Amino acid sequence: MTPEELAEAGLRYDVDGVVATVTLSRPEVRNAQTPAMWRALAAIGDEVPDDVRVVVVRGEGQSFSAGLDRAMIGALFALLAESDEEISATVDRFQQGFTWLRDPRFVSIAVVQGHAIGAGFQLALACDLRVVGDDAQLCMKEPALGLVPDLTGTKPLVETVGYPRALEMCATARVVGAAEALEMGLATLVCPVSELDGALADLVGAVTAPVAGAVRETKALLLAASGHSLDEQRRLEREAQVRRLRELAGTKG
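My aim in this report is to walk through the structure given alongside it, one point at a time. On a predicted model such as this, the values are computed, not experimentally measured, just so you know.

What counts and how
Residue positions are counted from 1 within each chain, in the order its sequence is given. Local features in this predicted model are restricted to residues whose pLDDT is 70 or higher, and side-chain atom pairs enter the listing and the counts only when it is 80 or higher, whereas totals over whole chains, interfaces and linings include all residues. Values shown for side chains rest on all heavy atoms present in the structure; no hydrogens or waters enter the calculation. Two aromatic rings from Phe, Tyr or Trp, using only the six-membered ring of Trp, form a pair when their centres are within 6.5 Å; if the ring planes differ by under 30 degrees the pair is stacked, by over 60 it is edge-to-face, and anything between is tilted. Only protein chains enter the calculation, and the probe is 1.4 Å; a residue is then buried if its accessible area is under 20% of its type maximum, exposed if over 50%, and partly exposed in between. Put plainly, a pocket is an open set of points on a 1 Å grid over the protein atoms alone with protein on both sides within 12 Å along at least five of seven lines, a cavity is a set where a 1.4 Å probe fits but cannot get out, and a lining residue has an atom within 4 Å of a point. Grid points are joined across faces, edges and corners, and a volume is the space filled by probe spheres set on the points. Secondary structure elements follow DSSP: runs of H or I of four or more residues count as helices, runs of E of two or more count as strands, with numbering from the N terminus. Polarity classes work like this: nonpolar for Ala, Val, Leu, Ile, Met, Phe, Trp, Tyr, Cys and Pro, charged for Asp, Glu, Lys and Arg, and polar for all others, with Gly in that last group. Only strands joined by at least two bridges in the DSSP assignment are considered to pair. A fitted line through C-alpha atoms serves as each axis, taken over the contacting stretch for helices, and the angle formed by two N-to-C directions is quoted from 0 to 180°. By definition, residues are in contact when any of their heavy atoms lie within 4.5 Å.

So, on to the packing of aromatic side chains. Counted according to the given criterion, the structure contains three aromatic pairs. Ring geometry for Trp-100 and Phe-106: centres 6.0 Å apart, planes at 70°, overall edge-to-face. For Trp-100, a relative accessible area of 10% corresponds to the buried category. For Phe-106, a relative accessible area of 1% translates into the label buried. Taken together, the ring pairs connect Trp-38, Phe-94 and Phe-98 into an aromatic cluster.

In this section: empty space enclosed by the protein. For the structure shown, the criterion picks out one cavity of 30 Å³ or more. In this structure, the largest cavity spans a volume of roughly 70 Å³. Lining the largest cavity, in full, are Arg-53, Pro-104, Arg-105, Phe-106, Val-107, Val-207, Thr-208, Ala-212, Val-215, Arg-216 and Lys-219. Of the residues forming the lining of the largest cavity, the biggest block, four residues, is contributed by helix H10 (residues 212–225). Of the residues contributing to the lining of the largest cavity, the split by class is six nonpolar, one polar and four charged.

Our focus in this paragraph is the sheet that holds strand S3 (residues 54–59). Strand order in the open sheet formed by six strands is S1-S2-S3-S4-S6-S9, with mixed pairing between adjacent strands. Edge positions in the sheet fall to strand S1 (11–16) and strand S9 (189–191), since each has one partner strand and no second. On average, each strand axis in the sheet is inclined to that of its neighbour by 20°, with strand direction left out of account. With five bridges joining them, S3 and strand S4 (residues 107–112) adopt parallel strand pairing. Following the sheet pairing, Val-56 is matched in S4 by Ile-109. Across the sheet, helix H5 (residues 119–126) touches strand S2 (19–24), S3, S4 and strand S6 (129–133), and the angle it forms with S4 is around 145°.

Turning our eyes to something else, we now look at the layout of surface pockets. When its volume is computed, the largest pocket comes out at roughly 640 Å³. In this structure, the largest pocket is lined by 25 residues; those nearest its centre are Leu-68, Leu-76, Leu-147, Val-148 and Asp-150. At the level of secondary structure, the elements contributing two or more residues to the lining of the largest pocket comprise helix H3 (73–77), helix H4 (84–99) and strand S5 (115–117). Taken together, the residues of the lining of the largest pocket break down into 17 nonpolar, three polar and five charged.

Rendered as structure tokens:
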């Protein structure tokens, strides 16, 4: 997508060396999200260069994202004119704006300050790591609106905090502050908002220090681990290590 098309969807996208940065750029509405933004996020996912090692997702202004733009709710209900299968296919396309952030080619980092509500919280959860400002407010708001979280947030939430805590957070739609987020593992680190850029730079430097292929293969192993038996995971580890050894040696099998 062109910069102009991205701007129309409320996004900016920049690549600087091995770091790509996606910025939600609707500060006047606390970076509220729209279906057009989700489609544009998916398009960015298709364009990330192979040599990018870190993807940063952040919000312009004082909030990461306050969630779904309430002006869009009517448009979502308009989907009911379609069949269940067509609605599901549309939501699948929306979800693709989030799923690409799990790609093993890179490590994704959300920089969260202020509000990360509903779809905003799910976007942060779609990232591998979260650098969180001490003013952050995280909330899975959808159940309070009569909806379910459907932008890929339920799986990472359960995997991070466990089922009972995830259920409690969703069922009550309560706000989780930065300190509690760190305690629960939702935040990789917490710092004053004024120090977010420095903390991000330090983390990016640490993540990109190891050999790129080693990080890529390790992320793939960790992503798959919960769905495999020990024997299956051992096999995948062996296969990944063979690939690493051959790449390091400059040979092929």
